[in-house]
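# Architecture at a glance
In case you want the letters, here they are:
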Amino acid sequence: LDLAERAQRYIEDSDVFELMSPATLGIVCFRRCSAEYDDEAAVEAFNTALVGDLADSGLGMVSSTRLFGRYALRICILNHTTTWTDVEVVLRRLETATVSIGAGSSDSHAHRTADVTAGWPEVGVAGTEDIRSLPLLAHVDDQWVRWVATVGRRRHLAAGETVVRQWDIDRDFYLLLDGEADVFAGDRRLTTMVSGDFFGELAALDWGASFGYPRLASVQARTDLEVIVLTDAELSELMAAVPIVDARIRAVAGERAGRL
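A quick note: this is a predicted structure, and the numbers were derived from the prediction, not measured. Along each chain, numbering runs from 1 in the same order as the chain's sequence is written. Confidence filtering applies because this is a predicted model: local features only for residues at pLDDT of at least 70, side-chain atom pairs given and counted only at 80 or more, and all residues used for totals across whole chains, interfaces and linings. As a rule here, side-chain values come from all non-hydrogen atoms in the structure, and water together with hydrogens is ignored.

### Some thoughts on empty space enclosed by the protein
What counts is decided by this rule: Here a cavity is any set of points on a 1 Å grid over the protein atoms alone where a 1.4 Å probe fits but cannot get out, and a pocket is any open set with protein on both sides within 12 Å along at least 5 of 7 lines; a residue lines the site when it has an atom within 4 Å of a point. Grid points are joined across faces, edges and corners, and a volume is the space filled by probe spheres set on the points. Under the grouping applied here, Gly and all other residues not named as nonpolar or charged are polar, the nonpolar ones being Ala, Val, Leu, Ile, Met, Phe, Trp, Tyr, Cys and Pro and the charged ones Asp, Glu, Lys and Arg.
Within this structure, the stated rule accounts for one cavity of 30 Å³ or more. The calculated volume of the largest cavity comes to roughly 80 Å³. Looking at the largest cavity, the residues that line it are Ser21, Pro22, Thr24, Leu25, Ile27, Val28, Cys29, Arg74, Ala233, Ser236 and Glu237. For the lining of the largest cavity, a count of residues per class yields six nonpolar, three polar and two charged.

Given below as structure tokens:
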């Protein structure tokens, strides 16, 4: 078994963890439950405090996400030097750490880690209805449309602003909700994208052996834009769960890669 699958088994065998998403591409989503906290807000605050406690311990770090509106811890096992001992130490800390969501030092963890996007400009939780109309999500089960609305970040960009720059190595994926954007390779304009299109998939996809493309083209807002942004990990999770989305993205990615 690879490390993520071993982590999944550890979580499934634990009396206090809840597995929320199976091991996919080195990522497992889960959270710790406690009889002391029996409502969603308290469970979120409790797990947020666990994230802060782990970071302060120096043993490792985990991120967080939302799955169907529910807060989840996300362990990403991507470093080739990581061993099972490293992973087990982190899981044991999350499994046994004593934290509080009341007054005191744990409160500072909650405020610091509850929303790592809070300081980003023009970023917010995406709505649902406009996302439901995107061609990429046509005939997709409502639960996954709601998932995209929950984890996606809405961004507003002004006309003329560069959304992604050629040769950059960031791996975010973009769904274009409203507006038009020009695609450039160097100084050559390749095409103009309109509402309903998506871009960034070539950099976001893992093409095997942990290989991913850098940005092969720049995207510049022709008009004011409204986009939904998914991380590469979130896109991978969506594609793994919804085969029709996987097929649509890979078909477009293959066509675009052939033109660049």
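And the narrative resumes.
### Overview of the packing of aromatic side chains
The test is simple: Between the rings of Phe, Tyr and Trp (Trp by its six-membered ring), a pair exists once the centres lie within 6.5 Å; its type follows the angle of the planes, with under 30 degrees stacked, over 60 edge-to-face, and the other angles tilted. Counting from the N terminus, the helices are the DSSP runs of H or I reaching at least four residues and the strands are the DSSP runs of E reaching at least two. Here's how the labels work: a residue is buried when its accessible area is under 20% of the maximum for its type, exposed when over 50%, partly exposed in between, all with a 1.4 Å probe on protein chains only. Consider the ring centre and the ring normal. A charge sits over the ring if Lys NZ or Arg CZ is within 6 Å of that centre and within 35 degrees of that normal.
Following the criterion strictly, the structure yields six aromatic pairs and no others. Here Tyr174 and Phe199 contribute two aromatic rings whose centre-to-centre distance is 4.9 Å and whose plane-to-plane angle is 5 degrees, an arrangement assigned as stacked. Placement of the pair is Tyr174 in strand β8 (residues 173-178) and Phe199 in strand β11 (residues 198-199), with a sequence separation of 25 residues. Of the two residues examined, Tyr174 and Phe199, each falls in the buried class. Cation over ring: Arg256 sits above Phe198, and NZ or CZ is 5.3 Å from the ring centre.

### What to know about the sheet that holds strand β12 (residues 218-221)
For the record, the criterion: Criterion used throughout: strands pair if DSSP finds at least two bridges between them. To define axes, lines are fitted to C-alpha atoms, for helices over the stretch in contact only, and angles between the resulting N-to-C directions are given on a 0 to 180 degree scale.
Pairing in this open sheet of four strands is antiparallel, and the strands run β7-β12-β9-β10 from one edge to the other. In the strand order of this sheet, the two ends are held by β7 (162-164) and β10 (188-193), each with one partner. For this sheet the average axis-to-axis angle between neighbouring strands, irrespective of direction, equals 30 degrees. In the sheet, strand β9 (residues 181-185) pairs with β12 via four bridges, with the strands oriented antiparallel. Residue pairing in the sheet places Ala181 in a bridge with Ala221 of β12.

### Description of the environment of Cys76
Mapped onto the elements, Cys76 comes out in strand β4 (residues 70-76). Assessed through its relative accessible area of 37%, Cys76 is described here as partly exposed. Each C-alpha atom of the pair Cys76 and Leu3 lies 9.9 Å from the other, and the pair is 73 residues apart in sequence.

### Some remarks on the nonpolar core
Under the convention used in this document: The nonpolar core is taken to be a set of buried Ala, Val, Leu, Ile, Met, Phe, Trp, Tyr and Cys residues, with the residues joined through side-chain atoms within 4.5 Å. Contacts are residue-level and defined by heavy atoms, with any inter-residue pair within 4.5 Å sufficient.
Judged by nonpolar contacts, the single largest core of 34 residues is most densely connected at Ile131, Val148, Phe173, Leu175, Leu238, Val245 and Ile249. When residues in this core are grouped by element, the largest group, six residues, is from helix α6 (residues 142-151). With sequence-adjacent residues up to four places away left out, Leu238 is seen in contact with Trp144, Trp147, Val148, Leu230 and Val245. In this structure, Ile11, Ile77, Val87 and Val99 belong to the second largest nonpolar core, which totals 27 residues.

### What about the sheet that holds β4?
Note: strands within a sheet are paired through backbone hydrogen bonds, in either parallel or antiparallel orientation. One open sheet accounts for four strands, arranged β1-β2-β4-β3; its pairing is antiparallel. Each edge of the open sheet carries a strand with a single partner, namely β1 (17-24) and β3 (63-67). Put simply, the sheet's adjacent strands are angled 30 degrees from each other on average, direction ignored. Taken together, the four bridges between strand β2 (residues 27-32) and β4 define a ladder with antiparallel strand orientation. In the sheet register, Ile27 faces β4, and the bridge partner there is Cys76. Contacts from helix α1 (residues 3-13) reach β1 and β2, with the element oriented near 160 degrees to β1.

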